[in-house]
Structures are given as C-alpha cells and as structure tokens.
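Structural overview
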Amino acid sequence: MVANTFFCFQRICQILAGLLLPLSFSLSAQEQTTTLNILSISSWEPGNPYVQEIKQGLQRELEETIGDFQLYQEHLDARRFTSDSTREAFATYLVQKYQDIQIDAVVTISTPAEEFFEQYSPTFVQELIPVNIAVGSNYIDNLSRDDGAAKNHKIFVDHHNSLKQIQAVYPVDRLLIVGNITDIDGAERFDRFQKQMEASDLSLELDYQINQPLNVILDQVRQLPPRTAIYYVGSFKDISGKFATPEIVIEIINAEANAPIFSHWDISRENMLGGYQVSWERIGIYVGNLIASHINNESPTLDSQSIFEHNYNWNQLDRWDIELSALPPEANIYNAPPSFFEQYWFHLVLGFVGIVILYVILLLVYRNNLIGRRNAILSELAEIDGLTTLLNRRAIMPLLKDAMRRREQFNHTTSILLLDLDRFKTINDQYGHMVGDDVLAKVGEQLKTHVRSGDRVCRWGGEEFLVLASDTGLLQAQHLGEKLRTVVENLHFEEVEKISISVGVAEYKPHEGFPTWYDRADSALYEAKARGRNKVIGFAA
C-alpha cells in the first residue's frame, strides 16, 4: 500500500551528508522562497502508473491551494535494489543533486522509501517530522506528539466496507482471497486484512489462496461454486513465478474465472468488476491538501475517507448480469458505452462506419496482443523444469553466457556451483521413483529459498543442480555451497532417513569458455564424491 511522510529536507541533507559524504554543507536558513519545492520519493520503479496518478492528484491540489510550486520525483526502485550499498548510493545521490535547492517538503511513497529515511536519519523521526501520513496496511503508530510538533495521519484500507459492498452488489456466501505476502508491504497488508476480518460481523466464508502459484489459482477459479467471488489483495507473479504487474495477473485470472473479481485497489479497469476502492489520484489530492494545510498553518479540509470511491467496469457488470440499480448512486462506471447523441452527433452514417472500423482495429490489436502474451507465457513455461519448478538447462545457458561476458568486459567475478545428490540411485531403487521425485522437488525448493536474491538455480539434469552465483569469487561461492550443503543435510523426509549433496565450485576465468569452466566444477564435484561425499570442494585454477 502507500505510505507518505513529509520531512524538512534541510535537516535530512545535513544528517545524510554527515553519514555518507567526506564533506559537510548546509542549506542557508533563509526565508522560504515564493516557489514551494517538493521532493517526491517513490519506493517503486520509474514509470509506475500508480505513482503517476498520485502525482497528478498532488499537482492538481497544489495548483489550487499553493499555486507556485515545483515538484521533483525520484524512485528508490526497492524491488530491484535491496542492498545497503545501493541505498547508501541513492542517499549520496539525493544529497548531491539537491544540495543547491531549497526543498520545503519531502513525500515518501510506500514503506521502503519511508524506511530509507528512517535508516539514514534516526534522530529526525523523533524531532523534525512535521506531518506523517500512512496509507494502507503498513502504518506508523508512535510518531504523533502531544505538543503538536508532529501529526500522525493514518489511512486504512477499509476492507470491511469493501467486502460489505461486494455483498450488496453481487450477493455471495464465499470469497476466494488471492494474494502474495512476499512482495513490498505484502505481509503487513495481509495482516491488516486478517485483523479487519476478525473484527468484522460479515457472514462470509473466506478461502485464502496466499502465495500460491498462478497455475494453482487458475485451477481454483475455473471451478468456483455459485455465490462465490474473487477478492484480489495483491499478487505479483505470473505462471513462471516471475514478477508481473497486477494488471497482467488479473487479466490472466479474469480470462479463466467463472466468478467476478473485486479489489480494494483501483487497478485493471478492463478485467476487474471493481468495488469500494482506494483511488491513487485521490491519495495525491489528500497529500496535497495536507501539505498546503501544513505550509499555511491551517487545518486540512479533507479527511482520509476522501481517498475511497466506488468504481465499476461496465463490461464486467454486463458479463455478470448486475443491474446499475444495485450500485451506489455515487459509483463511477468505466467503459460505459457512449450515448446515442455522443456517438452520432456529427453524422449518423459516418459515425457508424467509423465506430465499426475502430472496433475492428481494436479487436485485431487486442487479439494480436493476447496471442503475443500467451506465446510469451508458453515460452516461459518451456524454460521451467516441471518437477522442481526451477529453471532448466535451456533457461540457464543465456544467463551463464551473460555472466561470462560481464567477467571479460567489466571484470565482474562469477562462479558456478555443481550440486549432486549423493546415492540418489539407491533412493530410487529402495523407495521408488515417486519418493525420489519428492526428494528432488524438496531439494530444489530449498536451494531456491536459500540462495541469494541475485543467484540463479537450475536443474541441470537428473539429480544434478547448478547455481550461478554472480559477482562472487571462489571463496564466497564455497561458503554458499557449504550453506546449501548444510540445508540439504538437515532436511527430513518420512521415507528417506537422510540425504546429502556433494558440491563442486569453480570461479570463471576470462576466455576459458563454458566447457572448461564447467569441467573444472565437475572435477571438483568428482573430488568431493571421492573424499566420501557430503562435501564442498572448490577448483582453484
């Protein structure tokens, strides 16, 4: 969800400069200029549509209340850049870029951006926050102060009213809750939902499909019983398990589901029925109102409920036979067909022909895009090992070649770990191939769970796995191999008493080529087997 915090940037620059830079500077304590300078820092990637809608609402409100202002935007891109070093670099970048600009307020969007400032300015949280805004399930409790020096604004996603509105529009007895708690804010978002449901008086059966692969969810939504609806609380992975935008996830689900999709988020107006939703643009308006009231030392004219609105998709209403009379009078209807006058005001015949041509073009474009997306999904499935859901050899080879290229062009160290299950043939012979397959699947799952975020794991073949450890030398890779060896050694199975792996490690040397690199790792693996198995051996060139 979205959390916004306003800061006095002058103090931030002083603190960050002291922490991160070998020099010091300060902004002059001159009177505020006529232009209000506002810095918005998003936790998400550049071009995120929700951030753009927040920006539109913020600009709209400030144009009406402040008039003369300048809005700067930066993006933490927390999903891609998670290390302390990248955040330190981002902090240094902010200080250097804005040291000559008098920033009057900072808006942080979502938890990672907020935590970024808390991490690098610990004293600032208690002393200088003029306004804190927390939107959604992840909010801050203990920032308000009795002396009025700081204000704490909390905005909760109203799941109770959202579900109550579902029952009013489309009477249901059961809701399939689709979500993923591993993404940004995911755990807090789901925890807030569960707490609201525990306190709710709604008589609904809730079926939680949390952190489930998309293919499992599709199997569920194809055969939902009557009087069931889908409630989307956030899932960001496609069929292959890779990150996907909510629009793509909802589109895939909508194409297969036999029940309507609702959500508290104003997203995917093409494939979702709608609901009582948080409006991103209204969040921006509300934030702008808080900024203006703080700058002008006035009370806000909007409250946190102003960010919610009733949104519904005309096509989905028609698909599920829902009458407009069932909707609240203030509901927004998207994709509604134009009126007769709007459609044919210029010329009846020309208008009709133009609409038919446009419809055909859009239909063809949509069909081609749909085919392209489905082909892309099929292509991704072809690169996934069906038993372990890891990458297969076909998928890992381009990544290996890219790692070799970066080593040779940019001197980025990289290593591979070749892992082999010890005495796996004995397991198959003694317990059967079903047990053997179960061992392979669980080992693959544990390898994927315990490697680092930048590493890639594949099933190389049979009982062999390969880990590509980017930006990793031989010693580091051996430590990683030892960690994985210990994880596998501690696994427990009902039928098999104990399993182990042997690991061979090799760091890539420039211009040696993949066959030689692989042979060195294989030789190290062979030596680990020869030394009694359940060992990690590194091959030093």
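Let me begin by describing the structure that accompanies this report. (Residues numbered from 1 in each chain as written. Predicted model: local features only at pLDDT ≥ 70, side-chain atom pairs only at ≥ 80, totals over all residues. Heavy atoms only, no water.)

Focus on the overall build of the protein
Each helix and strand counted, the protein has 18 helices and 18 strands in total. Summed over all atoms, the accessible surface of the protein reaches about 26300 Å², with 51% contributed by carbon and sulfur. (Helix = DSSP H or I, 4+ residues; strand = E, 2+ residues; numbered from the N terminus. Areas by Shrake-Rupley, 256 points an atom, 1.4 Å probe, with all protein chains shown as cover.)

Overview of the environment of D455
Within the secondary structure, D455 sits in the loop between α16 (433-450) and β15 (456-461). A relative accessible area of 6% places D455 in the buried class. In this structure the C-alpha to C-alpha distance between D455 and D471, which are 16 residues apart in sequence, comes to 9.3 Å. Leave out the neighbours within four places in its chain, and D455 touches V467, L468, A469, S470 and L480. For D455, the side chain forms a polar contact with the side chain of R452, separated by 2.8 Å. (Buried < 20%, exposed > 50% of the residue type's maximum accessible area, 1.4 Å probe, protein only. Contact = heavy atoms within 4.5 Å. Polar contact = N/O pair within 3.5 Å; in protein donor to acceptor, adjacent residues only side chain to side chain.)

A word on the side chain of S40
Position of S40 among the secondary structure elements: in strand β2 (residues 36-42). Of the residues examined, S40 reaches a relative accessible area of 4% and is grouped as buried. In this structure, S40 is in contact with L71, Y72, Q73, E74, V107 and I109, ignoring residues within four places of it in sequence.

Some thoughts on the sheet that holds strand β17 (residues 501-507)
Ordered by their spatial adjacency, 5 strands build an open sheet running β15-β16-β14-β17-β18, and the pairing between neighbours is mixed. Where the open sheet ends on each side, the last strands, each with one partner, are β15 and β18 (536-539). Sheet twist, expressed as the mean angle between neighbouring strand axes with direction ignored, is 20°. As defined by bridge partners, strand β14 (residues 414-421) adjoins strand β16 (residues 464-470) across 7 bridges and the pair is classed as antiparallel. Paired with D420 across the bridge in β16 is E464. Together, β14, β15 and β16 form the strand contacts of helix α14 (residues 393-410), whose direction differs from that of β15 by roughly 125°. Against the sheet, helix α18 (residues 513-530) contacts β14, β15, β16, β17 and β18, and its axis sits at roughly 145° relative to β17. (Pairing = 2+ DSSP bridges. Axes fitted to C-alpha atoms, helices over the stretch in contact; angles between N-to-C directions.)

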